[in-house]
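Spelled out, the chains give:
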Amino acid sequence: MAETNRPDDEVREARPTAYEVHPNVLQRWSPRAFDEREVPEELLFGLFEAARYAPSANNEQPWRYVLARTKEDREAFYEFINEGNRSWCERAPALALLAAKKTSTRNGNPMRTYAFDAGASWATLALEATNKGLVTHAMGGFDAAKAKEALGFTDDYEPMIVIAIGYRGDPAVLTEGQREREKPSPRKPLSEIVHEGKFTGE
Ligand SMILES: Cc1cc2nc3c(=O)[nH]c(=O)nc-3n(C[C@H](O)[C@H](O)[C@H](O)COP(=O)(O)O)c2cc1C
């Protein structure tokens, strides 16, 4: 796998672009085969530093992360992660649950964008992981109510995703079905997602 700055061949093939894009944007994808090797603290916490600098409405920074890297902490996470995700994420050396704080506008109305802001933080973290030669895989497939209770969040917080973090591993460890999906995915064409002046899509 390319460490940084040059997408590897499978990425170049699966993710063509008509316009130039930073290679690490294309290189970031979500594998399920993790190597069990631990991520050094320097690298791991560098991801959260990146996540910290994401933009948010009113600079509220509504993202909160609970990190699980000891065996005990990871096992507590497995209790609320769906079976399908557990089957591969148990090999990831670190898991992080991202919860969004339900913030308020200056008038005291609920802020519409708290989840969106948390998403910006996750995307920043994922890109920084690619910059550091690490891989990430977000999971929405977990029991949010159970996670909230297990990790001590009040109703002011909404669990969003669990992120598996680590090094890419050998796809041989996966089930056949998982192995077939173990590749960079394609994207919709630019013409479907960008509209000039007015939305002309379906
Ligand atoms: C909010 C969110 C929830 C996701 N939930 C899951 C999940 O529960 N299980 C899983 O295997 N992948 C999950 N994914 C990964 C997506 O399927 C993946 O990001 C998407 O197919 C695009 O592929 P790529 O990340 O490899 O570019 C999730 C991604 C996001 C952003």
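Residues numbered from 1 in each chain as written. Predicted model: local features only at pLDDT ≥ 70, side-chain atom pairs only at ≥ 80, totals over all residues. Heavy atoms only, no water.

As recorded in an unreviewed UniProt entry, the protein chain goes by Nitroreductase family protein and comes from Paenibacillus antri. Per its UniProt entry, the protein chain bears the Sequence similarities (unreviewed entry) comment "Belongs to the nitroreductase family." (UniProt positions renumbered as here; feature names shortened; annotations may be inferred.)

## Structural notes on the overall build of the protein chain
For the protein chain, the helix and strand inventory stands at nine helices and five strands. In sequence order, the secondary structure elements of the protein chain are arranged as α-α-β-α-β-α-α-β-α-β-α-β-α-α. The C-alpha radius of gyration of the protein chain comes to 18 Å, within 12% of the 17 Å expected for a compact globule of 202 residues. With the principal axes as the frame, the protein chain shows a C-alpha extent of 55 × 50 × 35 Å. Across the 202 residues that make up the protein chain, the buried fraction comes to 41%. Sequence-distant contacts, at least 24 apart, represent 74% of the contacts inside the protein chain between residues at least 6 apart. A total of about 12000 Å² of accessible surface is found on the protein chain, and carbon and sulfur atoms cover 48% of it. Charge separation in the protein chain, taken as the distance between the mean sites of 27 positive and 33 negative side-chain charges, equals 3 Å. (Helix = DSSP H or I, 4+ residues; strand = E, 2+ residues; numbered from the N terminus. Rg over C-alpha atoms; globule rule 2.2 N^0.38 Å. Buried < 20%, exposed > 50% of the residue type's maximum accessible area, 1.4 Å probe, protein only. Contact = heavy atoms within 4.5 Å. Areas by Shrake-Rupley, 256 points an atom, 1.4 Å probe, with all protein chains shown as cover. Lys, Arg positive; Asp, Glu negative; His and termini not counted. Charge placed at Lys NZ, Arg CZ, Asp CG, Glu CD.)

## Quick look at the pattern of salt bridges
Scanning all chains against the criterion turns up nine salt bridges. Note that arginine 168 and glutamate 10 form a salt bridge whose closest N and O atoms lie 3.1 Å from each other. In this pair, arginine 168 sits in strand E5 (residues 157-168) while glutamate 10 sits in helix H1 (residues 9-14), placing the two residues 158 residues apart along the sequence. Among the salt bridges present, the one from arginine 69 reaches glutamate 41, with a minimum N-O distance of 3.1 Å. Of this pair, arginine 69 sits in the loop between strand E2 (63-68) and helix H4 (71-78) while glutamate 41 sits in helix H3 (residues 41-52), and the two are 28 residues apart along the sequence. Judged by its relative accessible area of 34%, arginine 69 falls in the partly exposed class. (Salt bridge = Lys/Arg side-chain N within 4 Å of Asp/Glu carboxyl O.)

## Quick word on the environment of methionine 139
Relative to the helices and strands, methionine 139 resides in strand E4 (residues 135-139). By relative accessible area, methionine 139 is classed as buried at 1%. C-alpha separation for the pair methionine 139 and proline 31, spaced 108 residues apart in sequence, amounts to 12 Å.

## Topic: the packing of aromatic side chains
Going through the model one piece at a time under the given rule, you end up with six aromatic pairs. Between phenylalanine 34 and tryptophan 88, the aromatic rings sit 6.2 Å apart at their centres with planes inclined by 10°, giving stacked as the arrangement. Of the two residues, phenylalanine 34 sits in strand E1 (residues 34-35) while tryptophan 88 sits in helix H5 (residues 83-89), which places them 54 residues apart along the sequence. When sorted by exposure, phenylalanine 34 lands in the same class as tryptophan 88, which is buried. A connected cluster of aromatic rings, assembled from ring pairs, spans Phe45, Phe48 and Tyr65. The residue whose ring lies beneath arginine 37 is tyrosine 167, and the NZ or CZ to ring-centre distance is 3.7 Å. (Phe/Tyr/Trp six-rings, centres within 6.5 Å; stacked < 30°, edge-to-face > 60°. Lys NZ or Arg CZ within 6 Å of the ring centre and 35° of its normal.)

## Points about helix H6 (residues 114-131)
Its 18 residues place the ends of H6 26 Å apart at the C-alpha level, agreeing with the 26 Å of an ideal helix rising 1.5 Å per residue. Each element contacted by the buried residues of H6 is listed here: helix H2 (23-27), H3, E2, strand E3 (94-101), E4 and E5. Backbone geometry just after H6 places glycine 133 at a positive phi near 75°. (Expected span 1.5 Å × (residues − 1).)

## Let's talk about the pairing of E3
Extensive coverage of E3 is indicated by the burial of seven of its eight residues. Where E3 and E5 come together, eight bridges link them in antiparallel fashion. The residue of E5 that forms the bridge with alanine 100 is glutamate 158. (Pairing = 2+ DSSP bridges.)

## A few points about the side chain of serine 121
With respect to the helices and strands, the residue serine 121 is situated in helix H6. By relative accessible area, which is 0% here, serine 121 ends up buried. Separated by 2.5 Å, the side chains of serine 121 and tyrosine 65 make a polar contact. Once residues within four sequence positions are removed from consideration, serine 121 is found in contact with Ala51, Ala54, Trp63 and Tyr65. (Polar contact = N/O pair within 3.5 Å; in protein donor to acceptor, adjacent residues only side chain to side chain.)

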